[in-house]
Amino acid sequence: MSKHAHTVLKSLLSRASTDALTEPAPKGEELETILSAVMRAPDHGKLRPWRLVVVKGEARAKLADKIVASMKRLNPDADAKKIEKRHKRFSSMPMTIVLGMHLRPDDKIPLLEQELAVGAAGMNLLNALHAAGFGAVWVTGDVAYDPVLAEELGFPAPHALAGFFFVGTPEKKDHEVKRRPVAPYVAEWDGEPVSFKADKD
Ligand SMILES: Cc1cc2nc3c(=O)[nH]c(=O)nc-3n(C[C@H](O)[C@H](O)[C@H](O)COP(=O)(O)O)c2cc1C
């Protein structure tokens, strides 16, 4: 294996989500390079359905306010402690990147494929952040499916949110990632329907 292949694979195999994040978050040219990785996501029909909304600095508290309003809208009996915790989370993360979906339901490319392309963009974003030494985690929750919140962020229906990416510098450097065996999720087809060890109890 070439040195380059080894470096790339090492990065892919060592990525892990974390919300234990401190300053700094990426900025300037480095941020632009990282964000550019989403443009390399596979995309049937060149629809480029992904959209990125960067939330930093004082805007974080405004986003936290909107998240809390959404929680209350979806559940008027929402637990006050839970609300406070969520507000703190969104306002204290070094940066949040909202991944939006610019969807075209009437296009010949099926909606699912448009959503899959946004999912692939999200994966590229996580891998690019990790390769550049930053940490991140992709979260959703009920609020990510609240059309009112989506509209407030710039995604009126049929557009929607794919989630929130908390971004920063991982508190723990080089934390060990448990390598899970892939064999239970792989099968070789020989003409008959396959089954997977992962699906056997
Ligand atoms: C679309 C999507 C939504 C997710 N939403 C949440 C979430 O709301 N809360 C959460 O704790 N993890 C959520 N996760 C899982 C984390 O992002 C992460 O993948 C998981 O904690 C496993 O960590 P790993 O990426 O290091 O394997 C979501 C993942 C995806 C792909």
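Residue indices follow the written sequence of each chain, beginning from 1 at its first position. Where totals are concerned, whole chains, interfaces and linings use all residues; where local detail is concerned, this predicted model gives features only for residues with pLDDT of at least 70, and gives and counts side-chain atom pairs only at 80 or more. Calculation of side-chain values draws on the structure's entire complement of heavy atoms; hydrogens and water are dropped beforehand.

Enquirer: Teacher, can you tell me more about the site of the ligand here?
Expert: Around the ligand, a shell composed of Arg15, Ala16, Ser17, Val137, Trp138, Val139, Thr140 and Gly141 is seen. Polar contacts, as counted here, are pairs of nitrogen or oxygen atoms within 3.5 Å of one another; within protein the pair requires one atom able to donate a hydrogen and one able to accept it, and residues that are adjacent in sequence qualify only if both atoms are side-chain atoms. Here Trp138 contributes a backbone N or O atom positioned 2.6 Å from an oxygen atom of the ligand. Between the ligand and Thr140, the relevant distance is 2.9 Å, taken from an oxygen atom to a main-chain nitrogen or oxygen of the residue. Considering the ligand on its own, with 620 Å² of exposed area, one finds that the protein chains cover 46% of that surface. Residue polarity follows a fixed list, in which Ala, Val, Leu, Ile, Met, Phe, Trp, Tyr, Cys and Pro are nonpolar, Asp, Glu, Lys and Arg are charged, and the others, Gly among them, are polar. Across the shell around the ligand, the residue classes break down as four nonpolar, three polar and one charged. The criterion for a residue being near a molecule or strand is simple. One of its heavy atoms has to lie within 4 Å of it. Each accessible area is a Shrake-Rupley result for a 1.4 Å probe, and residues are judged covered by the shown protein chains and nothing else.

Enquirer: Where do I start with the nonpolar core in this structure?
Expert: Soluble, globular proteins show a tendency: their nonpolar side chains are buried together. Here, nonpolar core refers to any group of buried Ala, Val, Leu, Ile, Met, Phe, Trp, Tyr and Cys residues whose side-chain atoms link them within 4.5 Å. For every residue, the accessible area (1.4 Å probe, protein chains only) is compared with the maximum for its type, and the residue is labelled buried under 20%, exposed over 50%, or partly exposed between those bounds. Trp50, Ile97, Leu125, Leu129, Phe165 and Val167 are the most contacted members of the largest nonpolar core, which has 25 residues in total. Every helix listed is a DSSP run of H or I at least four residues long, and every strand listed is a run of E at least two residues long, numbered separately from the N terminus. Contributing elements (two or more residues each) for this core: helix H2 (28-36), strand E3 (95-101), helix H5 (111-131) and strand E5 (160-170). With seven residues, the single largest contributor to this core is H5. Not counting residues up to four positions away in its chain, the partners in contact with Trp50 are Val38, Met39, Ala41, Pro42, Asp43, Leu99, Gly100, Ala117, Val118 and Ala121. Core analysis: the next-biggest nonpolar cluster, separate from the first, contains 22 residues, Phe90, Val139, Phe155 and Phe164 among them. For this analysis, residues touch if any pair of their heavy atoms sits within 4.5 Å.

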